[in-house]
Structures are given as structure tokens and as C-alpha cells.
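# Summary of the model geometry
Here is how the chains run, residue by residue.
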Amino acid sequence: MRAGGQTTREQALRQIEGGHADAVVVGRAHIANPDLVERWQGGHPENEPRPELFYGPSAEGYTDYPVLEAA
Ligand SMILES: Cc1cc2nc3c(=O)[nH]c(=O)nc-3n(C[C@H](O)[C@H](O)[C@H](O)COP(=O)(O)O)c2cc1C
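So, here's what we can say about the structure.

Analysis parameters
Residues numbered from 1 in each chain as written. Predicted model: local features only at pLDDT ≥ 70, side-chain atom pairs only at ≥ 80, totals over all residues. Heavy atoms only, no water. Helix = DSSP H or I, 4+ residues; strand = E, 2+ residues; numbered from the N terminus. Buried < 20%, exposed > 50% of the residue type's maximum accessible area, 1.4 Å probe, protein only. Contact = heavy atoms within 4.5 Å. Areas by Shrake-Rupley, 256 points an atom, 1.4 Å probe, with all protein chains shown as cover. Polar contact = N/O pair within 3.5 Å; in protein donor to acceptor, adjacent residues only side chain to side chain. Salt bridge = Lys/Arg side-chain N within 4 Å of Asp/Glu carboxyl O. Near = heavy atom within 4 Å. Phe/Tyr/Trp six-rings, centres within 6.5 Å; stacked < 30°, edge-to-face > 60°. Lys NZ or Arg CZ within 6 Å of the ring centre and 35° of its normal.

### A look at the overall build of the chain
Looking only at helices and strands, the chain has three helices and zero strands in total. Counted from the first residue to the last, the chain has its helices and strands arranged as α-α-α. Here the chain, with 71 residues, has 24% of them falling under the buried criterion. Counting only contacts in the chain whose residues sit at least 6 apart along the sequence, the fraction spanning at least 24 positions is 31%. Approximately 5200 Å² of the chain is accessible, and the part contributed by carbon and sulfur atoms is 53%.

Structure, rendered in C-alpha cells:
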């Protein structure tokens, strides 16, 4: 969708609300936040992705990011 930095909630909202897209594909933010939908819905802070673990040989960096604490 865009070159350079990671797709953000604000950019995704702008695309949808501006009628420029029907859907926005999110990569890195979703890898780092297994509960990204809930985080974006509630405007919660996000885990930062660890790019040094992208394309790695194991599940590390894919399945070990924490979800939001239950309230
Ligand atoms: C670790 C990693 C793996 C990816 N694997 C795929 C893939 O298998 N197929 C694909 O179409 N895009 C893949 N992508 C690209 C993402 O789908 C997305 O286009 C890219 O990360 C840009 O979106 P973002 O700014 O939300 O991260 C991958 C990206 C990353 C960081």
C-alpha cells in the first residue's frame, strides 16, 4: 500500500474513511500484535515489531508477542 514506514491505524482509517479503499492489509503491526483488531478498536498502545526476527527460522518473533492485559 505504501513505501517506507509501517502501516499505522491512522493511515488505515484515513484510507477507509476517505473512501480510498475497501480494506487495508496490515503486515508488521499484526505480526507484533496478535490482538491488533482489539487494540485498534480501543485505541490501545501496540507492541513494537522486532524486525531482526522477521523471516527467521523459528516461531520466535511470531508467536511470542503479548496480548493486552485483561482489564
Ligand atoms: C516478516 C514478513 C513476512 C511477510 N510475508 C508475506 C507473505 O508471505 N506474503 C505477502 O504477500 N506479503 C508478506 N509480507 C508483506 C506484508 O503483507 C505487507 O505487505 C508489508 O509488511 C507492508 O505492510 P505493513 O506496513 O503493514 O507492514 C510480509 C512482511 C513481513 C514483515
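### Focus on the side chain of Asn47
Looking at where Asn47 falls in the secondary structure, it is placed in the segment after α3 (36-42). There is a polar contact of 3.0 Å between the side chain of Asn47 and the backbone oxygen of Ala32. Looking at Asn47, its side chain comes within polar contact range of the main-chain oxygen of Pro66, at 2.8 Å.

### What to know about the pattern of salt bridges
For the structure on display, the rule yields three salt bridges. The closest approach of N and O atoms between Arg39 and Asp35, which form a salt bridge, is 2.6 Å. Judged by its relative accessible area of 10%, Asp35 is buried. Put simply, Arg50 and Asp64 hold a salt bridge, and the shortest N to O gap is 3.2 Å. Separated by 14 residues along the polypeptide, Arg50 in the segment after α3 and Asp64 in the segment after α3 bring together distant segments of the chain.

### Observations regarding the site of the ligand
Taken together, Gln6, Thr7, Val26, Gly27, Arg28, Ile31, Phe54, Tyr55 and Tyr62 form the complete shell of residues around the ligand. In this structure, Thr7 approaches the ligand through a main-chain N or O atom, which is 2.8 Å from an oxygen atom. Contact between the ligand and Gly27: an oxygen atom at 2.7 Å from a main-chain N or O atom of the residue. Burial of the ligand by the protein chains amounts to 53% of its free accessible area of 620 Å².

### Thoughts on the packing of aromatic side chains
Given two aromatic rings, one states the distance between the centres and the angle between the planes to describe the pair. Counting across every chain of the model gives one aromatic pair. Between the aromatic rings of Phe54 and Tyr55, the centroid separation amounts to 6.4 Å while the plane-to-plane angle is 85°, which identifies the pairing as edge-to-face. Above the face of the Tyr65 ring, Arg50 is positioned so that its terminal group lies 4.7 Å from the ring centre.

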